[in-house]
Amino acid sequence: MKKALYLLYFLLATLLLIYPAEGMAQQTGSGERLSVDLQAGIRTYHRDSLPDGKNIDFLNFLDTGTGWDAFQFIGLTVSLKTSDRWTFTSNLKLYSDFGPGHFGIASQYSFRKACGLFHGGLRGVFGVSKLYINQFNQYHVRNDSGFIADLNPNYRQINLTDLNLGVNPFATLDTRRFHLKLAAGAGINLFIPFSETIVQKQVNGNLKRELRYNTKPGTAIYADAELTARFDLLKSEDLNAGIMLQAGVLFSRRALPYLRETNTWTYENTVSDDIRPAKEWFSRSDVSMGIYLGL
Amino acid sequence: MNLMFRKILYILLLLNLLRIIPGCCECDETTRPFSFNKTDIVNLNNTGPWPEYTDSDTMRPAAVAFSVSLFDSAGYFYAQAPAVETFGFSKAQAFAKCDCAFPFMANQHLTDIRIESLTPLSPDLPAGDVSALFVAKPTSNAASGNLYIPLNDLCRQTIGKVYYDGGIESFELYLKTTVQHAEVRFAFQFTFSDNLVLRDTTRLITIAER
């Protein structure tokens with residue numbers, strides 16, 4: 001369902017970009033440029049996996065507790081330059097399971113004044129990314145001695161959805177065939193809350209308890225940077241095509257706070273704890289290369 | 001003529017679709033009355049993740065548990081009901097004959113469960129009323145939640161209860177405390193809304209550390 005939703009968003013955004021392009025091209029005759037690029041790359045998330053504390057820290061379980069979560073992806077980006085100043089972009093990354101792993105939209109405003117070969121501007125970005133928290137129940141397996149730590153025998157995986165909204169000033173260097181763009185900025189990111197339940201039972205005993213985790217967004221400020229290099233292999237008035245290289249990084253100090261409700265024996269006396277793990281450095285990096293076609 | 005034939009075929013197709021769409025059996029949902037008048041107690045082995053029925057009379061000190069069934073001695077566990085027949089163009093259905101069972105509703109409901117220990121449980125817990133030390137878990141398909149419920153909640157759940165799985169009220173009783181005595185035995189007393197009281201006693205349970 002989630003995959004379908006991502007694809008729907010992407011298709012809608014793409015249609016929104018393409019249809020006005022055709023319409024406006026007819027009205028104005030020129031000025032709009034549509035660009036499509038296809039890339040293959042790798043995305044990694046990193047957040048140090050810290051020693052177990054008094055309470056579970058879900059971010060310790062990015063990719064089974066190694067601190068790294070890595071995804072190969074195929075990325076498709078559609079950009080529409082509606083005028084010399086405005087460009088709108090939608091971007092979809094499919095992970096190796098061909099499930100949508102990232103969806104992003106951006107609107108870019110270019111300043112009129114140029115400084116030699118350099119141009120500048122401002123870009124607003126919104127992105128939705130997916131990462132995994134795996135086997136978080138291992139915290140309880142390691143720490144809750146005397147208990148069958150999790151009565152759920154299934155592989156415990158959480159799809160963690162990360163949203164980011166930010167602003168990036170950017171600078172471009174454009175020569176006849178080579179185009180370089182550097183964007184760097186800041187924004188806010190947050191995790192979509194989720195709920196998980198752990199049911200435990202005393203070994204050789206009747207005692208049962210249930211831990212219900214309801215996470216909070218964990219809103220944080222981030223800083224990011226992105227470098228894009230394009231080289232035109234084909235270039236004419238109506239068409240340009242070439243190869244590209246893109247690299248991006250995002251840094252933030254993040255935590256995943258949650259409300260934990262503990263019930264022992266029955267649901268009569270619920271104990272609620274507001275847990276706020278300490279913020280730790282969290283990073284996301286992308287490296288990709290591919291081809292592009294501009295019309 | 002050809003057009004007329006196609007129209008008739010189309011109408012027949014629509015009628016057959018109407019047969020398939022509501023293709024479930026229609027069963028008589030009228031409840032059948034029954035009365036609780038018999039009890040059955042089975043020992044549970046609750047050392048692992050899930051309780052299991054056991055013939056053994058040995059239990060771990062912190063895992064004393066029993067399965068209790070209350071039912072009608074006449075044995076109304078299943079009563080086949082006739083399917084509701086409709087006249088005329090009948091519906092399509094998966095089975096040649098509908099497997100309908102009457103739901104049951106007891107003439108009375110539980111109002112109280114009293115559990116008495118016939119032996120001391122520990123130096124602090126002499127023989128006597130230990131109802132407060134027990135929790136319950138309903139075992140019917142409608143039971144929800146991962147934890148136990150207090151005994152009075154279990155009683156409340158039997159008010160107006162419709163028994164779709166047969167006329168048996170079954171639940172499990174778990175002792176919350178650790179037994180520090182070599183042998184224990186419990187007497188259960190179930191009181192119903194019509195003042196009927198059913199009593200039953202567990203077998204003598206040997207408490208073993210291993």
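Residues numbered from 1 in each chain as written. Chains lettered and ligands numbered in written order. Predicted model: local features only at pLDDT ≥ 70, side-chain atom pairs only at ≥ 80, totals over all residues.

## Quick look at the overall build of chain B
On a plain count of helices and strands, chain B comes out with two helices and 17 strands. By residue count, 25% of the 210 residues in chain B fall in the buried class. A fraction of 71% describes how many contacts in chain B between residues 6 or more apart in sequence connect residues 24 or more apart. (Helix = DSSP H or I, 4+ residues; strand = E, 2+ residues; numbered from the N terminus. Buried ≥ 20, exposed ≤ 12 C-beta atoms within 10 Å, placed from the backbone. Contact = placed C-beta atoms within 7 Å.)

## Considering the overall build of chain A
The secondary structure content of chain A amounts to two helices and 15 strands. Of the contacts formed within chain A by residues at least 6 apart in sequence, a portion of 65% connects residues at least 24 apart.

## Concerning the environment of Glu52 of chain B
All names here are of chain B. Checked against the element boundaries, Glu52 lands in strand β3 (residues 52-54). Taking the number of C-beta atoms within 10 Å as the measure of exposure, Glu52 has 12 and is therefore exposed. Spatially, the C-alpha atoms of Glu52 and Phe66 are 9.8 Å apart, while their sequence positions differ by 14 residues. Those residues in contact with Glu52 that lie beyond four places of it in its chain are Leu44 and Asn45.

## A closer look at the sheet that holds strand β13 (residues 168-175) of chain B
All names here are of chain B. Strand order in the open sheet formed by five strands is β3-β2-β5-β13-β11, with antiparallel pairing between adjacent strands. Strands with a single pairing partner mark the edges of an open sheet, and in this sheet they are β3 and β11 (134-138). Between one strand axis and the next, the sheet turns by 40° as a mean value, whatever way the strands run. (Pairing = 2+ DSSP bridges. Axes fitted to C-alpha atoms, helices over the stretch in contact; angles between N-to-C directions.)

## Some points on the environment of Gly67 of chain A
Looking at the element boundaries, Gly67 of chain A is found in the loop between β1 (33-46) and β2 (68-81). C-alpha of Gly67 of chain A to C-alpha of Leu211 of chain A: the two residues are 144 residues apart in sequence and 24 Å apart in space.

## Quick look at unusual backbone geometry
Residues and elements named next belong to chain A. For Asn204, which is not glycine, the phi dihedral falls at a positive 60°. Relative to the helices and strands, Asn204 resides in the loop between β9 (195-202) and β10 (208-215). At Trp265, a residue that is not glycine, the phi angle is positive and equals roughly 65°. One can find Trp265 in the loop between β13 (258-264) and β14 (271-275).

## What about the nonpolar core?
Within the largest apolar cluster, 40 residues are counted, with the highest numbers of intra-cluster contacts made by Val64, Ala65, Phe134, Ala136, Leu173, Tyr174 and Val184 of chain B. Going through the elements one at a time, β5 (65-71), β8 (104-106), β9 (110-117), β11, α2 (151-157), β13, β15 (186-192) and β17 (205-207) of chain B are the ones with two or more residues in this core. Apart from residues lying up to four places away in sequence, Tyr174 of chain B is in contact with Asn206 of chain A together with Asn46, Ala65, Phe134, Val135, Lys137 and Tyr148 of chain B. Formed by 18 residues, the second largest nonpolar core is a distinct cluster that contains Ile56, Phe61, Phe136 and Tyr139 of chain A. (Core = buried A, V, L, I, M, F, W, Y, C linked by C-beta atoms within 7 Å.)

## Looking at the interface of chain A and chain B
Interface extent is often summarised as the accessible area lost during association of the parts. On the chain B side, the residues contacting the 15 residues of chain A number 17 residues. Elements supplying a minimum of two residues to the side of chain A that touches chain B: β9 and β10 of chain A. Partitioned by chemical class, the residues of the side of chain A that touches chain B number five nonpolar, six polar and four charged. (Nonpolar A, V, L, I, M, F, W, Y, C, P; charged D, E, K, R; others polar.)

## Examining the sheet that holds strand β12 (residues 162-163) of chain B
Residue and element names in this part refer to chain B. Here we have three strands laid out as an open sheet, ordered β1-β8-β12, and mixed in their pairing. A strand with exactly one partner marks an edge of an open sheet, and here the two such strands are β1 (32-34) and β12. Note: β8 against β12, two bridges, orientation antiparallel. Note on β12: the bridge partner recorded for Met105 is Val162.

## So, the pairing of strand β8 (residues 178-191) of chain A
All names here are of chain A. With eleven bridges connecting them, strand β7 (residues 157-174) and β8 associate as antiparallel partners. Each residue of the ladder has a partner; that of Gly166, found in β8, is Gly187. Connecting the antiparallel pair β7 and β8 is a turn made up of three residues. Across twelve bridges, β8 lies against strand β11 (residues 220-235) in antiparallel orientation. Its bridge partner being in β11, Ala186 is matched across the sheet by Ala223.

## Here's the deal with the environment of Leu227 of chain A
Residues and elements named next belong to chain A. Of note, Leu227 is situated in strand β11. On the basis of neighbour counts, which here come to 14 C-beta atoms within 10 Å, the residue Leu227 falls in the partly exposed class. Once the C-alpha coordinates of Leu227 and Asp69 are considered, the two residues, 158 residues apart in sequence, prove to be 22 Å apart. Once you skip the residues sitting within four places of it in the chain, Leu227 turns out to touch Leu182 and Ala247.

## Side note on the confidence of the model for chain B
Residue and element names in this part refer to chain B. Here chain B shows a mean pLDDT of 87. Residues at 70 or above account for 86%. Taking the mean pLDDT of every element in chain B, the minimum, 68, falls on strand β6 (residues 80-81) and the maximum, 97, on β15. The complex model carries a pTM of 0.82, and its ipTM stands at 0.82. (pLDDT = per-residue confidence, 0-100.)

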